[in-house]
Amino acid sequence: MGGAPGFPHLHVASAFSAHYGVSWPGELAAAAAADGADLLACTDRDGLYGTAKHVGACLEHGLDPVVGVDLTVHWGPDHTGTGVLDSAGRVVVLARGGTGGSGYRALVRLVSAAHAHTTGGSAGGTPYVTMAELAGWAAGPHHGAPPELFVLLGPGSDVGQLMAARRYTAGRTLLRRWKAALPAGSLRVEVVCHLSPPGEKLSAAHAVKMLRAARDTRVPAVLTNAVRYATPDGAATADVLDAARALSSLEALADLQPNGQGWLKQAGPMHQVAREVCHAAGAGGAGALLEATHALADACRMDPGPDLGWGRPTVPEASVIGIDGDPVTALRQRTLTGAHARFPQLYSGSRFSSSRAGRDLEDRLEHELGIITRLGFASYFLTVAEVVRMIEEMGVRVSARGSGASSLVNHLLRISNVDPMRHELIFERFLSNDRSTLPDIDVDVESARRHDVYAAIFARFGAERTTLMSMQNGYRARGAVRDAGLALGMDAEQVDTIAKQLWRFSASSFREAMGRMPELRGFAEQVESGRAAGQQQLDLLVDLTERLDRLPRHIAMHPCGVILGDRTLLDRTPVQPSGIELPMSQFDKHDMDPMGMLKLDVLGVRMQSTIAYTLEEIERTTGERVDLERVPLDDEATFGMIRTTHTLGIFQIESPGQRELIGKLAPVEFNDLIIDISLFRPGPMQSDMVRPFLEQRHGFAAARYPHPDLEPVLAETHGVTVFHEQVLRTLDTMTGCGLAKADEFRRQIGGPQEEVVEAYFRAAALEKGYPLDVIDEVWGTLHAFGSFGFCKAHGAAFAVPTYHSAWLKTHHPEAFLAGIFEHDPGMYPRRLMIAEARRMGIPVLPVDINASTERFRLEWVPAHPELPGGPARPGRSRHPDGGRWGIRLALTSMSGLSEREVRRIVAGQPYASLADVRDRARPTRRNLERLAQLGALDCLLPPGGASRTDLVHHLELQHAGGAAGMLGEAPTGRKRTAGPRQVDGQLSLDLPDTEAAAIVPMFPAPSRDQMVRTELDLTAMDTTAHLMDSHRPYLDALGVTAAEDLLSLRSQSRVLVAGVRVATQTPPMRSGKRVVFISVDDGTGCVDASFFTEAQHETGEMLFSARLLLIEGTTRRTGPKAISLQAIRAWDLHRPEALPDPDYLDITREQWRAWLRRDRSAARSGGVREPVPWGPGARRRLVEAGAGSAPDAGAPRDIPHHDTGDWPVRVRGAVGLPPESSATGGDRRGRGLQGAGVRELDIHRPVPVPHPETWELLPTPEE
Amino acid sequence: MGIFTQSVTVACTTAGVPLHLGWNGRDYVLAAEPVRWYERRRWWTEEHRAERGRGAGLVDHEVWRVQVRLERARNSPLLTLDISHHLDSGRWRLVRIHDGAAVRLRESA
């Protein structure tokens, strides 16, 4: 053992052991490799969560992987109540390697068996296996064969616990029992010594006892270090995780690790430990112990290909998809059938038309089929087609999204509804000969039917071939602060206040953020003063928060991934309950390709449910059946509505930034929507595409093409490169490299290989005779475009629901808004959509015990309705009788009402009296009161009698015991329901409500403000009036401008606006600085305000926390129909002491003028520099900077964007991606994202939607 | 409050095992093989910072139990001492003195 052979660590928890492990698989593998080890195990707790990452990391570092698990074992079936004696503690189970997969299979099945004892979720019980299960899966295939699994009996086992308690004889007896219970050769005693103080667990004496017991019972002993962190630095993180797991403070935690020695020690220290323990045990040298350890390690070496099926895609068997014979032939036949259905004029069913289009179609089809066949993916396409066919058959709306729309085969198989020929989409962007991994085909279905669709897929392909995918949820800043605060024993409220101030930065840069983010200014001052007073708690809080950053907290069902495989799927992935009925894999999306798994993204999209519901309501109320596929894509009224920018509720174009872009772009046709959606991405924003595109579109500048050859490629976007497809064609045109190669190049641009691509591009383009300046210019564009930007196929797939929802909002606004209320699809709270309905003059009818159902339904409102919300605006009525459709709020909008209560209420309608409601609907007392508060029982009150307030008082009094004689202890009405029941359906309409009539009118009806408050409390919606109305007197006195009046103001007008926060966004900006966009709604519409650096400093802590805001700003006209606000500062309306006086605008006018002059001169000179407002913040900085010694002294520090981390910087594809990196050290900033991962991200991750940074760039059209 | 521990000077072998001890102006030699362990610290009350990358020594410190006698007086009684080694400063401190059955515990500051 000379030199540095490395120590084979066989018991290692990675960070994927939630709330336990500290280090990422990559860190552990790197540390092991650096020590000269040639293998490393990953034994996560309760699952194989980190296994795939571990194997990948081992391959990268030249190690042989060993895989295992750390599991709880029970001696017998769990007899509840007898628990303690029954438990056999925790053991490590390792899979035997070199078995062609049987060892790994046994491990997978064992883990699944452990989770079969649970029901999922935190309350679903902890996983364990019984001794019988463990012995069963550990056994070899036949008698005398070596075992499939090895079991390591260490300090966490019952034997180890007895040894720690110095009950040596009992421990030895128990060890013999283990030996007898498990298959021959499978048991090892695990010796662990953390060099803890004498008498404590994991001390040398503890290890010695284990070693002696092993010797006495003739069980081989092996040495591990029960590793939880790669380096000693991770020990403190492990302490915090232990506290978080136990929901305890460190101070109160009984079961802390005895010390911090559980790191991945090098061979030297491990051998030293071995010598000490063996010497103390009187076992002589450490040779035998180390030899046994190496021997076990060798037996567990995994060969990733044969043992794990590494990198080998597996799809369902042909017979399951419903084909017999060659899948290639079947695919050809099905696509030809599809060609006849989709293009009857181009393909007759036997031959293609000889027209140009017919030949193009045939060529394209042959081209795609050729590539699919060469890659052997025919079964995959047939599988997806089968899934889509099945979903359509269920009557569920389905559409493909993403690059799958680039494929004609997908279009012909009905997987995608976008015609790739018409939109000139490129197949190679989706799949080419150069890609060997399965392509992603993502399918959108109605969100409300998603679980039904999953169940159907399970039923169709069989439970043995199907499982849901999981995802790991890691610590983000807020959760990390809360758990760090808990560990330090801080006051929960104080921690909560701090947590709420954190905004989307990575927890790992908390301390840095404190110095830069205005909203953390107060906190930074607290830390400072605490330090001065000798209190270290807040400093520690910051450090511990940074340590927790991104560590996995728990596993959850992925929102859309379904894994399909052949009948061996459950031999290759462990599964556990998901929270819905179906099982989920322990692997996440990053594990799919390496583990050879086929994942289908079946994403529940609320907009699809909204559209489905809208269509149902239209048919229910008017009898009209709308077939959206037949709606022409060039409806002028729809585009007119889109151009007004009143696009709230419309798919993809409702965000503040999109509304602004729409206002500037003024779409007139479907292709404009594709371009709009594609422009609104980090890539196009980043490479400055938006401004030139808009200028050229509106004729401010002439379209320019670097070379005439590129004109056909770039014509549709006026010479600006917007789409991936254009990058591919540009590369192909100028180098002749072919589209497949071009896509590969595109992926490399922006990565480490970019120089190679550049060299090739320049050489090949030069050879084809392009002038140098053209080559320079085109490369400049390609370089800026990077590997992200947007794929036109994505845009085209998105544009369809965008157009459909816009069409519905234009032509069926009531039904569409009902759909929006029902399925809540967008980014905004529902109450904003209520305000939108109010703005559109659509009556929103309150919850009513007799009229409301479990859904948001359309209801005819006759002329002059007595609506609490006031009459519809004049001029909006579309019916001669003056009536119109309104939307009745659903019973479900009231919080606290259970599903069963809702069902009972609906079943019992209509009600004539309170007694009737109690009798048949049987709501709880509290809910009956709530219904009364909301006015849902107003219809039962006698006209001119008691008010709503009286009724509420009456019920409260009754429930408080005032009428105990009548009601007794039972819930409302129980006494009566206990008596003879009415026959279901029999109504008691004729009886007067004697109870309601007997209430003595005492109180006036609630005021409008009271009603709004109640509505917000109980439904989170202000239905009767707008929330801001109660602040009206103050706001009027202050001279606040309404949102609807902003449009009539000149640009650069100074205004105050006020409203309810509806959206906060911090999109990546070209400058790398953080700009905060806050949208508020004041009842007449939305105001979108941008807060640049100075305004963020001026606003301070309430920037992200205040709900009702008063904002001072300058108008910026951004288009004929668009105006927004550049904020100067904002106030929290709930903090009256800080609010300005009513004469604010007057007394600060001069200051504002001076500011505006500076602003304009700054804009003229630099163009980039922001204006510096006046105000307390600026004054304070002046003082801090030494009383204005230099003109720049008062300039605020820039605030970097949370995703880009620094400035100025190009936004790379890694925006927000957690690269697999350290919680224990190492620099993770600026680490890019390799390869193709980027593409999926910008689709699946809820990225803050970017905002075109065009404020200071666009010429402002003045009217 | 106050500092309860006393500073000691320790000379070690190349393997890091204590050999000589200087305490209260007297020199001691080891009379038996020392025992070493790592003892937990309540770092969350003792430390002001726990930043990532801080390295070893935050959560535990090395403690050696040594049996020593005066170097100049070979017949002097044996003393059993626990001395701790702080990795970041490299300093040694005396944390406990055992005399006979009773152990005088000295809290570390």
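Residues numbered from 1 in each chain as written. Chains lettered and ligands numbered in written order. Predicted model: local features only at pLDDT ≥ 70, side-chain atom pairs only at ≥ 80, totals over all residues.

1. What about the overall build of chain A?
Okay, step 1: Within chain A, the regular secondary structure consists of 54 helices and 22 strands.
Okay, step 2: When burial is assessed residue by residue, chain A has 52% of its 1263 residues classed as buried.
Okay, step 3: Looking at chain A alone, contacts between residues at least 24 apart form 73% of all its contacts between residues at least 6 apart. (Helix = DSSP H or I, 4+ residues; strand = E, 2+ residues; numbered from the N terminus. Buried ≥ 20, exposed ≤ 12 C-beta atoms within 10 Å, placed from the backbone. Contact = placed C-beta atoms within 7 Å.)

2. Some words on the domain arrangement of chain A
Okay, step 1: Domain annotation for chain A reports domain 1 (32-227 + 264-307), domain 2 (318-472 + 556-607), domain 3 (473-551), domain 4 (632-805), domain 5 (828-977 + 995-1027) and domain 6 (1039-1184).
Okay, step 2: The C-alpha-based centres of domain 1 of chain A and domain 3 of chain A are spaced at 38 Å. (Domains from an automatic or database assignment.)

3. What about the pairing of strand S3 (residues 26-30) of chain B?
Residue and element names in this part refer to chain B.
Okay, step 1: As paired strands, strand S2 (residues 18-23) and S3 are joined by 4 bridges and run antiparallel to one another. Each bridged residue has a counterpart across the sheet, and for His20 the counterpart in S3 is Val29.
Okay, step 2: Between S2 and S3, which pair antiparallel one after the other, the connecting turn spans 2 residues, and Asn24 there sits at a positive phi close to 55°.
Okay, step 3: Across 3 bridges, the pairing between S3 and strand S5 (residues 60-70) is antiparallel. Bridged to Val29 within S5 is Arg69. (Pairing = 2+ DSSP bridges.)

4. Observations concerning the environment of Ala88(A)
All names here are of chain A.
Okay, step 1: When you line up the elements, Ala88 lands in strand S3 (residues 87-95).
Okay, step 2: Residues Ala88 and Thr130, 42 residues apart in the sequence, show an inter-C-alpha distance of 9.0 Å.
Okay, step 3: Those residues in contact with Ala88, other than ones at most four positions away along the chain, are Val73, His74, Trp75, Met131, Ser157 and Asp158.

5. Section: the packing of helix H27 (residues 636-643) of chain A against helix H37 (residues 792-811) of chain A
Residue and element names in this part refer to chain A.
Okay, step 1: Put simply, H27 and H37 touch, their axes get as near as 9 Å, and they point 95° apart. Taken as axis vectors, H27 and H37 run roughly perpendicular relative to one another. Residue-level inspection shows Ala637, Thr638, Met641 and Ile642 of H27 in contact with H37, the latter providing Ala806, Trp807, Lys809 and Thr810.
Okay, step 2: Among the residues forming the contact of H27 with H37, the class breakdown is 5 nonpolar, 2 polar and 1 charged. (Axes fitted to C-alpha atoms, helices over the stretch in contact; angles between N-to-C directions. Parallel < 35°, antiparallel > 145°, perpendicular 65-115°, else oblique. Nonpolar A, V, L, I, M, F, W, Y, C, P; charged D, E, K, R; others polar.)

6. Points about the sheet that holds strand S16 (residues 857-861) of chain A
Residues and elements named next belong to chain A.
Okay, step 1: An order of S15-S17-S16 is seen for the 3 strands of this open sheet, with the pairing classed as mixed. Every interior strand has two partners, whereas the edge strands, strand S15 (844-845) and S16, have only one.
Okay, step 2: Relative to strand S17 (residues 884-888), S15 is paired through 2 bridges, and the arrangement is parallel. Looking across to S17, one finds that Val844 is bridged to Ile887.

7. So, helix H23 (residues 537-548) of chain A
Side chains of residues three or four places apart in an α-helix project in the same direction, reflecting 3.6 residues per turn.
Okay, step 1: The end-to-end C-alpha separation of H23(A) is 16 Å, in line with the 16 Å expected for 12 residues at 1.5 Å each.
Okay, step 2: For H23(A), the buried fraction is high: 10 of the 12 residues fall into the buried class.
Okay, step 3: If you check which residues of H23(A) are buried, you get Leu538(A), Leu540(A), Leu541(A), Val542(A), Asp543(A), Leu544(A), Thr545(A), Glu546(A), Arg547(A) and Leu548(A).
Okay, step 4: At its buried positions, H23(A) is contacted by helix H9 (234-246), helix H19 (477-487), helix H21 (510-516) and helix H22 (521-532) of chain A together with helix H1 (43-46) of chain B.
Okay, step 5: The positive-phi residue at the C-terminal boundary of H23(A) is Arg550(A), with phi of around 70°. (Expected span 1.5 Å × (residues − 1).)

8. Brief notes about the interface of chain B and chain A
Okay, step 1: Residue-level contacts link 20 residues of chain B with 26 residues of chain A.
Okay, step 2: When residues of the side of chain B that touches chain A are traced back to their parent elements, those giving at least two are strand S4 (35-40) and H1 of chain B.

9. Some remarks on the confidence of the model for chain A
Residues and elements named next belong to chain A.
Okay, step 1: The predicted model of chain A averages 82 in pLDDT, with 85% of residues at 70 or higher.
Okay, step 2: Element-level mean pLDDT values for chain A span from 31 in helix H54 (residues 1237-1244) up to 96 in strand S5 (residues 149-153).
Okay, step 3: Segment residues 1182-1194: pLDDT under 50, and 12 contacts once partners within four positions in sequence are set aside and those in other chains are kept. (pLDDT = per-residue confidence, 0-100.)

10. Remarks on the packing of H19(A) against helix H20 (residues 492-501) of chain A
The axes of two packed helices give the description: the angle between them and the distance between them.
Residue and element names in this part refer to chain A.
Okay, step 1: Following both chains from N to C, one finds H19 and H20 inclined at 160°, their axes separated by 9 Å at the closest point. Viewed along their axes, H19 and H20 adopt a mutual orientation that is roughly antiparallel. H19 and H20 meet at a crossing whose hand is right-handed. Side by side, H19 and H20 meet where Arg478, Val481, Arg482 and Gly485 of the first sit next to Val495, Ile498 and Ala499 of the second.
Okay, step 2: Partitioned by chemical class, the residues of the contact of H19 with H20 number 4 nonpolar, 1 polar and 2 charged. (Left-handed = near helix turned anticlockwise from the far one by under 90°.)

11. Section: helix H39 (residues 830-839) of chain A
Residue and element names in this part refer to chain A.
Okay, step 1: The element H39 is extensively covered by neighbouring structure, given that 8 of its 10 residues are classed as buried.
Okay, step 2: Those residues of H39 that sit buried are Arg831, Leu832, Met833, Ile834, Ala835, Glu836, Ala837 and Arg838.
Okay, step 3: Elements that come into contact with the buried residues of H39 comprise helix H38 (813-823), S15, S17, strand S18 (1054-1065) and strand S19 (1076-1081).

12. A few points about the environment of Glu366(A)
All names here are of chain A.
Okay, step 1: Examined against the element boundaries, Glu366 turns out to sit in helix H15 (residues 356-375).
Okay, step 2: For Glu366, a count of 11 C-beta atoms within 10 Å puts it in the exposed group.
Okay, step 3: Residues Glu366 and Val409 lie 43 residues apart in sequence; the distance between their C-alpha atoms is 9.7 Å.

13. As for unusual backbone geometry
Excluding glycine, residues mostly have negative phi values, and the peptide bonds linking residues are mostly trans.
Residue and element names in this part refer to chain A.
Okay, step 1: For the bond from Gln909 to Pro910, the omega torsion is -5°, close enough to zero to count as cis.
Okay, step 2: Tracing the chain through its elements places Pro910 in the loop between helix H40 (899-908) and helix H41 (914-921).
Okay, step 3: Of note in this structure, Thr645 is not a glycine but carries a positive phi near 65°.
Okay, step 4: For Thr645, the location among the structural elements is in the loop between H27 and helix H28 (656-665).
Okay, step 5: Residue class for Thr645 comes out buried when judged on the 26 C-beta atoms lying within 10 Å of it.

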